[in-house]
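Here's the letter readout for the chains.
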Amino acid sequence: MESNQTLCSAAWLDLNIDFGKKKLRHCCKQTFESFPSNLENSFFNNSEIIKGIRNDLIKGIEHPSCDHCWSSYKKTGTAFRDFKNKWKHINDISNNVESIEVSLDNLCDMACIYCDPEFSSRIAREVGSKDRVQTPNKDDINKFIDYLAYDATIGDNIQIVFLGGEVTYSKNFFYFVETMLENITLKNKKVNFSFMTNGNTNEKNMNKIISLLDLLPVNWNISIGISNESMGEVAEYVRHGLDWNVFDKNFKYWANHERIHCITVSPTPCIFTLKHMPSFFEYCVDVIKNAKNTKIAIFGNWVEWPEILDPKHLDISYKKYVEHAMQIVTNAEKVYDDKDQIAHTRNWLDRLHARIGTGNLNLDKVDKFINFKAENKKDKNLYKLRKFI
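In what follows, the accompanying structure is described. Remember, predicted model here, so these are calculated numbers, not experimental data.

1. Overview of the packing of aromatic side chains
Then step 1. The tally for this structure, following the rule as stated, stands at 29 aromatic pairs.
Then step 2. Where Phe173 meets Phe195, the ring centres are 6.1 Å apart and the plane angle is 55°; that geometry is what we call tilted. Highlighted residues: Phe173 in helix H8 (residues 171–181) and Phe195 in strand S6 (residues 190–197), separated in sequence by 22 residues. The pair Phe173 / Phe195 is uniform in exposure class, with both members buried.
Then step 3. Taking the centre distance of 6.1 Å and the plane angle of 55° together, the rings of Tyr237 and Phe388 count as tilted. Taken together, the residues Tyr237 in helix H11 (residues 232–238) and Phe388 in the segment after helix H16 (363–376) connect sequence positions 151 residues apart.

This is how it looks when you write it as structure tokens:
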């Protein structure tokens, strides 16, 4: 049977919802769909738009909502779909949602050089944005929690990940989780609960998040995602606002927390950090090796915006750093969460390896970008970024 060249399981299995922006999509690369004025539970997984997307993907039609991948195929020969899609034929289709990603606001203590005001309130402040912090509607949150508890497409096993901003500073995150805990049906489900953090949380907020985790039912599995791809100076400059010493302390704490069964490292390499990524991988693996019971997984992406930072612009000699990272992953099999996760990481690294050298590095444009960021953020240290390429 010939495989379908447009079918993508994400349009059925994934649900990405942003309460701050009041938008929803069924893949992190898909175009967002705005909440209707009268939000009903049926919208979350059965809107007219998602039904149209699914219908086109089944028929072999490149739906415009998925243009991110269609364009990427044309430009580089690879796309996020290669990594994300689990299906080959329409006979594989299932209507059960497997993965839910929830964003609540853009509150964040950092201002990464490739981020923007939509995802960081600190950047919104830097650029003088009037509406710096997004405010979700609590009624929308309550309806979604009802959907999680009672909808037929949500089984007894739920995988839910909370994204930021930075959730450890978000009152909306605490409200969402506390409201989940008030629902007896949800408390009795098997929930794979996870949140993404930048690892830069201060002591006060670390204590708050630790107390919240203590309230989660014993039948909920807890993991966390930690976003980073480099160490020390380069990490502090690219992920502006990061204190490496705080990150190191927090990473080691989470690795030894008795309820955390897995830390998913989420690297997003760019032209400044790609060659430093293997050292960071080695650091992560060493920390997990010394932990009690925690395992590791690596779920990566790469910077595509600003386009000048895309690692595709690095010349082919940089492929050796991806090869080194691959070897570290291979050697870390015993501390990996499971074999499927290793395959997941290798798939991502293979695509990153193929991507490098498909662009053209323009150092004049890189220097202009660095100068703009250093002036905008009023930080002379950012002028050092060039040396990290």
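Continuing now.
2. Re the environment of Asp286
Then step 1. Position of Asp286 relative to the elements: it lies in helix H13 (residues 277–289).
Then step 2. The spatial distance from the C-alpha of Asp286 to the C-alpha of Val335 is 9.6 Å, given a sequence separation of 49 residues.

3. Focus on the nonpolar core
Then step 1. If you look at the biggest cluster of nonpolar residues, it comprises 123 residues, and the most contacted ones within it are Phe144, Phe162, Phe173, Phe176, Phe193, Trp254 and Phe272.
Then step 2. When residues in this core are grouped by element, the largest group, eight residues, is from H13.
Then step 3. Excluding residues that lie within four positions of it along the chain, Phe193 makes contacts with Ile160, Phe162, Phe173, Val177, Leu213, Leu216, Trp220, Asn221, Ile222 and Ser223.

4. A few points about the sheet that holds strand S3 (residues 33–34)
Then step 1. Spatially, the nine strands line up as an open sheet ordered S3-S2-S1-S4-S5-S6-S7-S8-S9, and their pairing is mixed. A strand with exactly one partner marks an edge of an open sheet, and here the two such strands are S3 and strand S9 (295–298).
Then step 2. Pairing of strand S4 (residues 99–103) with strand S5 (residues 157–163), which is carried by four bridges, proceeds in the parallel orientation. Residue pairing in the sheet places Val102 in a bridge with Phe162 of S5.

5. Let's talk about the side chain of Thr78
Then step 1. Along the polypeptide, Thr78 turns up in the loop between helix H4 (67–76) and helix H5 (80–84).
Then step 2. You can call Thr78 buried: its relative accessible area is 10%.
Then step 3. Beyond its immediate chain neighbours, meaning those up to four positions away, Thr78 contacts Ser72, Tyr73, Ala354 and Arg355.

Basis of the calculations
- Residues numbered from 1 in each chain as written.
- Predicted model: local features only at pLDDT ≥ 70, side-chain atom pairs only at ≥ 80, totals over all residues.
- Heavy atoms only, no water.
- Phe/Tyr/Trp six-rings, centres within 6.5 Å; stacked < 30°, edge-to-face > 60°.
- Helix = DSSP H or I, 4+ residues; strand = E, 2+ residues; numbered from the N terminus.
- Buried < 20%, exposed > 50% of the residue type's maximum accessible area, 1.4 Å probe, protein only.
- Core = buried A, V, L, I, M, F, W, Y, C linked by side-chain atoms within 4.5 Å.
- Contact = heavy atoms within 4.5 Å.
- Pairing = 2+ DSSP bridges.

From the geometry alone we can't say anything about function, so treat these as descriptive.
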